[in-house]
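Here is what each chain is made of, one letter per residue.
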Amino acid sequence: MYIRKIVIENYKCFKGVFELDFENGVNIIVGDNEVGKSTILEAIDLALSGIIRGRYLKTEISQSLFNKNVVDTFLSEQQKGNKPELPHILIELYFEIEDESTRALFEGTGNTKKINDCGIQLKIRLEDKWRAEYNTLFESEKLNSLPIEYYDFSWSTFARD
């Protein structure tokens, strides 16, 4: 089993969708300083463990995890009176699994491409149970930061387990 591909969306330095394919064996990530090499490794660790900086993600969700440009655009549009979509974070890991019994645990269409594949998905987004409260907040005041208190994360296999 190995990670064949990672998809990162709006996480730290990655604005929008970023995809990186891996080969079986050793992969070397090379780039200038501050382009996201460490962020890729951190995203893999986060998607595999649900832990960031040694702590459980549920207690560590903060605006600093989101791409700054995405957050700034959201806040600017909201302050203009528009109703932009709340920023979210997505990390998907696509696996290559040869063992059929293990493959069955991770295989399904529960990924953004809606294709049958093996992997896991981690999302940080507005929790549905807080949508009404968030809508009230959104309409009553101008936001200066993301309303992180309304966010939660989901973590599942492509088989939706």
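As a reminder, the structure under discussion sits directly above these lines.
Okay, so let's go over this structure. Keep in mind the model is a prediction, meaning the values are calculated, not measured. (Residues numbered from 1 in each chain as written. Predicted model: local features only at pLDDT ≥ 70, side-chain atom pairs only at ≥ 80, totals over all residues. Heavy atoms only, no water.)

One pass over the structure, following the stated rule, counts nine aromatic pairs. Seen from their ring centres, Y56 and F153 are 5.8 Å apart, and the 75° between their planes marks the pair as edge-to-face. Residue Y56 is located in strand β4 (residues 55–56), and its partner F153 is located in strand β8 (residues 151–157); the two are separated by 97 residues in the primary sequence. Among the aromatic residues, those joined into a cluster by ring pairs are F74, W130, Y134, F138 and Y150. The aromatic ring of Y94 is capped on one face by K5, whose charged end is 5.2 Å from the ring centroid. (Phe/Tyr/Trp six-rings, centres within 6.5 Å; stacked < 30°, edge-to-face > 60°. Helix = DSSP H or I, 4+ residues; strand = E, 2+ residues; numbered from the N terminus. Lys NZ or Arg CZ within 6 Å of the ring centre and 35° of its normal.)

Okay, helix α1 (residues 37–49) next. Over its 13 residues, α1 extends 19 Å from the first C-alpha to the last, a length consistent with the 18 Å expected when each residue adds 1.5 Å. Among the residues making up α1, those that are buried are T39, I40, A43, I44, L46 and A47. End-on view of α1: buried residues confined to an arc of 165°, all on one side of the axis. Turned more than 90 degrees from where α1 packs its buried face, S38 and L41 sit exposed. G50 sits one or two positions beyond α1 and adopts a positive phi of about 75°. (Expected span 1.5 Å × (residues − 1). Buried < 20%, exposed > 50% of the residue type's maximum accessible area, 1.4 Å probe, protein only. Arc of directions from axis to C-beta.)

Turning next to the pairing of strand β5 (residues 89–96). Counting buried positions along β5 yields seven of eight residues, so the element is predominantly enclosed. Across seven bridges, strand β1 (residues 2–9) lies against β5 in antiparallel orientation. In the sheet register, I8 faces β5, and the bridge partner there is I91. Pairing of β5 with strand β7 (residues 117–126) involves six bridges; the strand directions are antiparallel. (Pairing = 2+ DSSP bridges.)

Below, the discussion takes up the pattern of salt bridges. For the structure shown, the criterion picks out twelve salt bridges. The partner of K5 in a salt bridge is E19, with the nearest N and O atoms 3.5 Å apart. Residue K5 is found in strand β1, and its partner E19 is found in strand β2 (residues 17–21); the two are separated by 14 residues along the sequence. The shortest N-O distance in the salt bridge between D128 and R131 comes to 3.6 Å. Residue R131 is classed as partly exposed on the basis of its relative accessible area of 37%. (Salt bridge = Lys/Arg side-chain N within 4 Å of Asp/Glu carboxyl O.)

By themselves, these observations are geometric and do not establish any function.
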